[in-house]
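Survey of secondary and tertiary structure
Read off the chains here:
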Amino acid sequence: MEEGKGSSEMEFTNIDTAANVLDSSAIFHVVTDILGFILFMHQQIPSVLQDITQEFDELRTEFKELEIELAESEVKTISARRKQATRKREVKMGIRRLEKLMGCVSNLKTALQLMINEVPNVERISLVLGPSPLRPLHVYELSFSHGRAVSGDFGRSKVAEALSRKAIRTMISMGAGSDSYAGPTKLFLLVKAPSYLNLPLHFLPKREFRQNKKTKPLRIRFRSKNRDLELNALPDDSARSVGLLDSTSKDLIWFQCRHTIKGLACRVSPPED
């Protein structure tokens, strides 16, 4: 993969992959990895999303085990039972602290999967951090060029791993998350897709949506390097024809995901790259 500057007009940073197409699984994992990175680097969560997910799962498992142990009939000392009951309360508090966050993350991921399955050639995804999409603090725009193949599942692939690492390194080098902590806020997912997208339980059409010009978005475009070389090798008329087939410019509008992620009240120090 190679990184290069995009057109000055849109101020994209390009990230190239040798894969001819990015399948739905790769797009899903790249978006969710970047989403988790944004939450962590802007101090909306105390640790990386993978660690929080693991912690949440371990707390729920421990809570179930404690419930079973406390319900057992064999005689235990009062001090032992008191110790278990105290730990059970601590675990329950830990679950409650993370429960809403993890529920929102899960709902957003489900919505993203459904959207990608219905519109695998989604043109642009915007991750907006702030009180509302109209009053953003930070905007991260992800673009996926050329057509995509639909895969049957959303298992993580090596292509997704490599693209995520490259994108996150690029975002760090561009200063993502380097601002001062502004307190807990919200993360919104918006998708620019054909108007026929019909997932009313998860996405609302925002035909009149216009991004706030006061906040400069950080834009990253994921491209198929081999596909670009193939198009460049074609005669002009053929290349234009393929480009039109790849384009989803029929009637593109913004859709806002109904599921938002609200940051936790925390203060962390992001690691320096």
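Scroll up to find the structure this text is about.
Everything quoted here is computed from the prediction, not taken from an experiment. (Residues numbered from 1 in each chain as written. Predicted model: local features only at pLDDT ≥ 70, side-chain atom pairs only at ≥ 80, totals over all residues. Heavy atoms only, no water.)

Running from N to C, helix H1 (residues 24–41) and helix H3 (residues 78–118) point in directions that differ by 150 degrees, and their axes come no closer than 10 Å. Between H1 and H3, the angle is such that the two are roughly antiparallel. Remark: the crossing between H1 and H3 carries right-handed chirality. Only Leu108, Lys109, Leu112, Gln113 and Ile116 of H3 make contact with H1, whose side of the interface consists of Ser24, Ile27, Phe28, Val31, Thr32 and Leu35. Classifying every residue of the contact of H1 with H3 by side-chain character gives seven nonpolar, three polar and one charged. (Axes fitted to C-alpha atoms, helices over the stretch in contact; angles between N-to-C directions. Helix = DSSP H or I, 4+ residues; strand = E, 2+ residues; numbered from the N terminus. Parallel < 35°, antiparallel > 145°, perpendicular 65-115°, else oblique. Left-handed = near helix turned anticlockwise from the far one by under 90°. Contact = heavy atoms within 4.5 Å. Nonpolar A, V, L, I, M, F, W, Y, C, P; charged D, E, K, R; others polar.)

So, on to unusual backbone geometry. It is generally the case that most residues other than glycine have a negative phi and that most peptide bonds are trans. Non-glycine residue Gln43 carries a positive phi angle of around 60 degrees. Residue classification places Gln43 among the buried residues on the basis of a relative accessible area of 6%. (Buried < 20%, exposed > 50% of the residue type's maximum accessible area, 1.4 Å probe, protein only.)

For the rest of this paragraph, the subject is the packing of aromatic side chains. Within the structure shown, the criterion is met by three aromatic pairs. Arranged with centres 5.3 Å apart and planes meeting at 70 degrees, the rings of Phe28 and Phe154 form a pair that is edge-to-face. With Phe28 in helix H1 and Phe154 in the loop between strand E4 (138–144) and helix H4 (158–173), this pair connects stretches of sequence that are 126 residues apart. Its relative accessible area of 5% is what places Phe28 among the buried residues. Owing to a relative accessible area of 17%, Phe154 belongs among the buried residues under this scheme. Centroid distance Phe144 to Phe222: 5.1 Å. Interplanar angle 10 degrees. Geometry classified as stacked. Within this pair, whereas Phe144 is found in strand E4, its partner Phe222 is found in strand E7 (residues 218–224), the two being separated by 78 residues in sequence. By relative accessible area, Phe222 is classed as buried at 1%. (Phe/Tyr/Trp six-rings, centres within 6.5 Å; stacked < 30°, edge-to-face > 60°.)

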